[in-house]
Amino acid sequence: MSDKPNVLVAGFFDMLHSGHVKFFGEASKFGELHVVIGSDENSVANKGKLPLESEEERKYMVESIKYVHKAHVPQSTSALNFTCVAEAIKPDYFVINEDGDTIEKREISEKLG
């Protein structure tokens with residue numbers, strides 16, 4: 001087990017691009033980076049469409065990025081599907097971008113400490 005802090009980020013990361021990689025690099029500065037990826041079913045439930053790339057493909061690509069310690073694909077269709085991973089790894093940091101900030105995410109972060 002690493003003595004680095006655990007860091008959590010979440011998203012669909014469909015059509016993975018350099019902005020995602022940059023985001024992972026920035027988040028990984030806080031510690032060991034865990035990435036929660038929305039499943040295909042979660043995309044249908046929350047976005048009304050299948051992602052262009054399958055959850056297996058997105059997980060493979062995300063885990064191939066040097067900044068990422070581990071990628072997780074919860075099967076929850078909740079918009080807050082990252083919660084089960086957060087409860088399991090107990091991240092020290094939950095990093096989100098400005099447009100992903102919600103009251104619900106802040107409440108879960110506070111609840112989990």
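This text follows the structure it describes.
Residues numbered from 1 in each chain as written. Predicted model: local features only at pLDDT ≥ 70, side-chain atom pairs only at ≥ 80, totals over all residues. Heavy atoms only, no water.

> Can you lay out the packing of aromatic side chains for me, pointing to particular residues and giving the numbers?
As enumerated under the stated definition, the model contains four aromatic pairs in all. Between Phe23 and Phe24, the ring centres sit 6.3 Å apart and the planes meet at 40°, which makes this aromatic pair tilted. Residues Phe23 and Phe24 agree in their burial class; the two are buried. A network of ring pairs unites the aromatic residues Phe13, Phe23 and Phe24 as a single cluster. (Phe/Tyr/Trp six-rings, centres within 6.5 Å; stacked < 30°, edge-to-face > 60°. Buried < 20%, exposed > 50% of the residue type's maximum accessible area, 1.4 Å probe, protein only.)

> Got a sec to walk through the pattern of salt bridges? Specific residues and values, please.
Across all of its chains, the model carries three salt bridges by this definition. Measuring nitrogen to oxygen at the nearest pair gives 3.2 Å for the salt bridge that ties Lys29 to Glu26. Take Glu26: its relative accessible area is 40%, and that puts it in the partly exposed class. Among the salt bridges present, the one from Lys59 reaches Glu63, with a minimum N-O distance of 3.4 Å. Residue Lys59 and its partner Glu63 are located together in helix H3 (residues 55-63), separated by four residues, close to a single helical turn. A residue is classified by how much of its surface remains accessible, and Glu63, at 32% relative accessible area, is partly exposed. (Salt bridge = Lys/Arg side-chain N within 4 Å of Asp/Glu carboxyl O. Helix = DSSP H or I, 4+ residues; strand = E, 2+ residues; numbered from the N terminus.)

> An account of unusual backbone geometry is needed here, citing residue identities and associated values.
Even without being glycine, Phe13 reaches a positive phi, approximately 55°. As for its placement among the helices and strands, Phe13 is situated in the loop between strand E1 (6-11) and helix H1 (18-28). Its relative accessible area of 6% is what places Phe13 among the buried residues. Unlike most non-glycine residues, Lys90 shows phi in positive territory, near 50°. With respect to the helices and strands, Lys90 occurs in the loop between helix H4 (83-89) and strand E4 (93-94). Note on Lys90: relative accessible area 60%, which makes it exposed.

> Could you give an account of the sheet that holds strand E3 (residues 68-72), with specific residues and numbers?
Overall, parallel pairing links the four strands, which are arranged E3-E2-E1-E4 in an open sheet. Only two strands of the sheet have a single neighbouring strand rather than two, namely E3 and E4. Running over the sheet, H3 touches strand E2 (32-37) and E3 and is turned about 170° from E3. (Pairing = 2+ DSSP bridges. Contact = heavy atoms within 4.5 Å. Axes fitted to C-alpha atoms, helices over the stretch in contact; angles between N-to-C directions.)

Bear in mind that shape data such as this cannot, by itself, settle questions of function.
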